Amino acid sequence: MTLYPNLIKDALATVRYPGNGKNLIENGMLDEDLHIDGMHVAFSLVFDKPTDPFRKSMVAAATAAIHTYVSKDVEVEIGVKSRTELPPEPDKLLAGVKNIIAVSSGKGGVGKSTVTVNLAIALAKLGFRVGLLDTDIFGPSIPKMFQVEDARPYAEQVNGRDLIVPIEQYGVKLLSIGFFVDPAQATLWRGGMASNALKQLIGDAMWGDLDYFILDTPPGTSDIHLTLLQTLGITGAVIVSTPQEVALADARKGIDMYQNDKVNVPILGLVENMAWFTPAQHPDERYYLFGKEGVKQLAESMGVPLLAQIPLIQDVCESGDTGVPAVLNPASPAGMAFMSLAAKVVTQVDRRNMELPKTERVATES
């Protein structure tokens, strides 16, 4: 059995706080420190006062609810906090972010951003706190794909600093250079300007606590990738490719970039996009327009997991253009494929965190 945050939250929603009759979730009593490790669940319940008379009974009731509505085999660890005792935010870059995932492709046109968008929303639908940063400074597409092209982030002052507040859509926090430039004009910046803009979107934004911070990276390998690697310790990379040989050749270069001795970012797995075409009128037929199982074979040869094979479906393209991603209909073939991808990414991240040390940032050359 695989545990997700929403399973725990649904169970806690059955527990009512005697003080006002509302359940624990309605009262905002579940702290943001929910952590799942296999069948072990740890979180804190937050009370208004340290002397709340229902503290012990609520802990017992929450434990019982998880055993009843999730599984009796879940190991539950519950801490107790009061709102006057909550610790201040740590003063370091993305201190509240647990996992940073880079979604990359060796070449353009393979549907990397489509996969990124649907993956982020799918993780949010599973109950995780998700942020998405569009790091493609020269070709930002995330605002359009989330139907927020007209949104304009504002700044809020926190501890004397002006921080950008991300746009929220479909349960995902979003930032993109596309929010700050004219979409009808090309972005003519030198590499240094682009890197500085990217650093600002990372370090001068109010990302808060996130389970997954997804980076939609530009195609290929570039200054932007180096900036990301020098700025953040990336938990792992997901490589997207179509099955055709020209795309696979570039995908190998992308894999090599992350596996370089100076980088050492684990490859969480590969996604084969546009794996086959199925006509709507003939749902049982498959046409392999770009070759058959090329990414699957590449994954096997390189010893990395194949996370998903996403079919070429007209709805996926249209949903990206209209800003209503396919995964918002999780019962559709594409929606099911993206939900399955998200579940496998969660599994691979958990495995990576158990088996490997935290990724260090790439050292800046002096």
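Residues numbered from 1 in each chain as written. Predicted model: local features only at pLDDT ≥ 70, side-chain atom pairs only at ≥ 80, totals over all residues. Heavy atoms only, no water.

So, the overall build of the protein
Along the protein, the regular secondary structure elements total ten helices and 13 strands. Its C-alpha atoms give the protein a radius of gyration of 22 Å, within 12% of the compact-globule value 21 Å for 366 residues. Principal axes of the C-alpha set define a box for the protein whose edges measure 65 × 55 × 40 Å. By residue count, 51% of the 366 residues in the protein fall in the buried class. Partitioning the contacts of the protein with sequence separation of at least 6, the portion at a separation of at least 24 is 74%. (Helix = DSSP H or I, 4+ residues; strand = E, 2+ residues; numbered from the N terminus. Rg over C-alpha atoms; globule rule 2.2 N^0.38 Å. Buried < 20%, exposed > 50% of the residue type's maximum accessible area, 1.4 Å probe, protein only. Contact = heavy atoms within 4.5 Å.)

Considerations on the packing of helix α1 (residues 5-12) against helix α2 (residues 55-69)
Packed helices, taken two at a time, are described by their axes: the angle between them and the distance between them. At a closest axis distance of 8 Å, the pairing of α1 and α2 adopts a crossing angle of 120 degrees. Looking at the two axes, α1 sits oblique to α2. Relative to α2, the crossing made by α1 is right-handed. Contact residues: α1 offers Ile8, Ala11 and Leu12, while α2 offers Ala62, Ala65, Ile66 and Tyr69. In terms of residue class, the contact of α1 with α2 is built from seven nonpolar, no polar and no charged. (Axes fitted to C-alpha atoms, helices over the stretch in contact; angles between N-to-C directions. Parallel < 35°, antiparallel > 145°, perpendicular 65-115°, else oblique. Left-handed = near helix turned anticlockwise from the far one by under 90°. Nonpolar A, V, L, I, M, F, W, Y, C, P; charged D, E, K, R; others polar.)

Some remarks on the packing of aromatic side chains
Summed over all chains, the structure comprises six aromatic pairs. Between the aromatic rings of Tyr4 and Phe128, the centroid separation amounts to 6.5 Å while the plane-to-plane angle is 90 degrees, which identifies the pairing as edge-to-face. Of the two residues, Tyr4 is situated in the segment before α1 and Phe128 in the loop between α3 (112-125) and β5 (130-134); the sequence distance between them amounts to 124 residues. Exposure remark for Phe128: the relative accessible area of 12% places this residue in the buried category. By way of ring pairs, the aromatic residues Tyr4, Phe128 and Tyr212 are connected into one cluster. (Phe/Tyr/Trp six-rings, centres within 6.5 Å; stacked < 30°, edge-to-face > 60°.)

So, the sheet that holds strand β3 (residues 75-82)
Across the sheet, three strands lie side by side as β1-β2-β3; this open sheet has mixed pairing. This sheet does not close on itself; its edge strands, each paired only once, are β1 (35-37) and β3. The sheet shows a mean angle of 20 degrees between the axes of neighbouring strands, taken without regard to direction. The sheet contact formed by β1 and strand β2 (residues 40-47) spans three bridges and is antiparallel. Bridge pairing in β2 links His35 to Ala42. Those strands touched by α2 are β2 and β3, and its axis lies near 150 degrees from that of β3. (Pairing = 2+ DSSP bridges.)

Describing the packing of helix α7 (residues 245-259) against helix α8 (residues 294-302)
Where α7 contacts α8, the two axes come as close as 11 Å, and the packing angle between them is 35 degrees. When the axes of α7 and α8 are compared, the crossing they make is right-handed. In this structure, α7 contributes Leu248, Ala251, Arg252, Ile255 and Gln259 to the contact, and α8 contributes Gly294, Val295, Leu298 and Met302.

Observations regarding α8
If you check which residues of α8 are buried, you get Gly294, Val295, Leu298 and Ala299. For α8, the buried positions fall inside an angular range of 135 degrees around the axis, keeping them on one side. Those residues of α8 that are exposed and angled more than 90 degrees off the buried face are Glu300 and Ser301. The elements touched by buried residues of α8 are β11 (236-241), α7, β12 (267-277) and β13 (306-312). Among the residues trailing α8, Gly303 stands out with phi positive, at a value near 70 degrees. (Arc of directions from axis to C-beta.)

A look at the environment of Asn99
Among the secondary structure elements, Asn99 is positioned in strand β4 (residues 97-104). Along the primary structure Asn99 and Asp350 are separated by 251 residues, whereas in three dimensions their C-alpha atoms are 9.8 Å apart. Setting aside residues no more than four positions away along its own chain, Asn99 makes contact with Asp211, Tyr212, Phe213, Thr235, Val349 and Asn353. A polar side-chain atom of Asn99 sits 2.9 Å from a polar atom in the side chain of Asn353. (Polar contact = N/O pair within 3.5 Å; in protein donor to acceptor, adjacent residues only side chain to side chain.)

Observations regarding the confidence of the model for the protein
For the protein, per-residue confidence averages 85 on the pLDDT scale, and residues scoring 70 or more make up 91% of the total. In the predicted structure, residues 85-91 sits below a pLDDT of 50 and forms four contacts with residues beyond four places in sequence or in another chain. (pLDDT = per-residue confidence, 0-100.)

Notes on the pattern of salt bridges
According to the stated counting rule, one finds seven salt bridges in the structure shown. Among the salt bridges present, the one from Lys81 reaches Asp33, with a minimum N-O distance of 3.6 Å. With Lys81 in strand β3 and Asp33 in the loop between α1 and β1, this residue pair connects regions lying 48 residues apart in the sequence. The partly exposed category is assigned to Lys81, whose relative accessible area is 23%. With a shortest N-O distance of 3.7 Å, Lys253 and Asp250 are connected by a salt bridge. Linking Lys253 with Asp250, this pair stays in helix α7, spanning three residues, or about one helical turn. (Salt bridge = Lys/Arg side-chain N within 4 Å of Asp/Glu carboxyl O.)

Description of the sheet that holds β12
Across the sheet, eight strands lie side by side as β8-β9-β5-β10-β4-β11-β12-β13; this open sheet has mixed pairing. Unpaired on one side and paired on the other, β8 (167-169) and β13 mark the two borders of the sheet. Sheet twist, expressed as the average angle between the axes of neighbouring strands with direction ignored, equals 25 degrees. Bridge count for β5 against strand β10 (residues 210-216) is five bridges, and the pairing is parallel.

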